[in-house]
Amino acid sequence: GSIASIRGIRELVAAMAMTWVGVKLNLVGAFAEPMVEADVKTHPGWARVNEHGTMDRAGVRDVLARSRAGIVTFHPLPNHVDAQPNKMFEYMSAGVPVIASHFPLWREIVEGNECGLCVDPLDPGALADAVDRLVGDAELAMRMGANGRRAVEQRFNWAAEELKLSRFYNRFLIGAV
């Protein structure tokens, strides 16, 4: 994915400077804004970033297998608040707990399925606390990761959506006759 200021990279790097010693951020993707990239690389939190750049699916899968959490903390902009980012569901599918922005829809998905933690995406301290909580409690992280995987298997998948879509079309077609 693309790394940009509106996707919370500044706050995420700032949060890394506040996390426990030894915690590292595996950053995958390409920077969309050269000025933002240059800026975050001067921040003390950057010392705790493993920058992987763009990776193929196998590479992403390997990084996720070594990660304690997946982070998707977009800023509260109109096109983000009601979005359902693929990244969130990819983390869930991989059995990795999610740290997400505290938007109502995202809270419903993440906290409603007990598969992660929601935070104010503009608050690096809250983000650091969430990272530390999951790093410090392996059992919680494993339970949340398993809950996320189960939610994808049971609810957030094409088979479940196909059934809803089919029912919708059937109601529409029956009403049109």
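Anyway, here's the lowdown on the structure attached to this text. (Residues numbered from 1 in each chain as written. Predicted model: local features only at pLDDT ≥ 70, side-chain atom pairs only at ≥ 80, totals over all residues. Heavy atoms only, no water.)

## Observations regarding the packing of helix α7 (residues 124-136) against helix α8 (residues 138-154)
Contact pair α7 / α8: the axes reach a minimum separation of 5 Å and the direction vectors enclose 100 degrees. Judged by the inter-axis angle, α7 sits roughly perpendicular to α8. Within the contact between the two elements, α7 uses Arg133, Leu134 and Gly136 and α8 uses Ala138, Leu140, Ala141 and Met144. Within the contact of α7 with α8, the residues separate by chemical class into five nonpolar, one polar and one charged. (Axes fitted to C-alpha atoms, helices over the stretch in contact; angles between N-to-C directions. Helix = DSSP H or I, 4+ residues; strand = E, 2+ residues; numbered from the N terminus. Parallel < 35°, antiparallel > 145°, perpendicular 65-115°, else oblique. Contact = heavy atoms within 4.5 Å. Nonpolar A, V, L, I, M, F, W, Y, C, P; charged D, E, K, R; others polar.)

## A closer look at the packing of aromatic side chains
Scanning the entire structure with this criterion turns up four aromatic pairs. Taken together, a centroid distance of 6.3 Å and an interplanar angle of 50 degrees make the contact between phenylalanine 31 and tryptophan 46 tilted. Residue phenylalanine 31 is located in strand β3 (residues 30-31), and its partner tryptophan 46 is located in the loop between α2 (34-40) and β4 (49-53); the two are separated by 15 residues in the primary sequence. An identical accessibility class is assigned to phenylalanine 31 and tryptophan 46; each is buried. Here phenylalanine 89 and phenylalanine 156 contribute two aromatic rings whose centre-to-centre distance is 5.2 Å and whose plane-to-plane angle is 50 degrees, an arrangement assigned as tilted. In this pair, phenylalanine 89 is assigned in helix α5 (residues 86-93) and phenylalanine 156 in the loop between α8 and α9 (158-176), connecting sequence segments 67 residues apart. Taken individually, phenylalanine 89 and phenylalanine 156 each receive the classification buried, so the pair is uniform in this respect. (Phe/Tyr/Trp six-rings, centres within 6.5 Å; stacked < 30°, edge-to-face > 60°. Buried < 20%, exposed > 50% of the residue type's maximum accessible area, 1.4 Å probe, protein only.)

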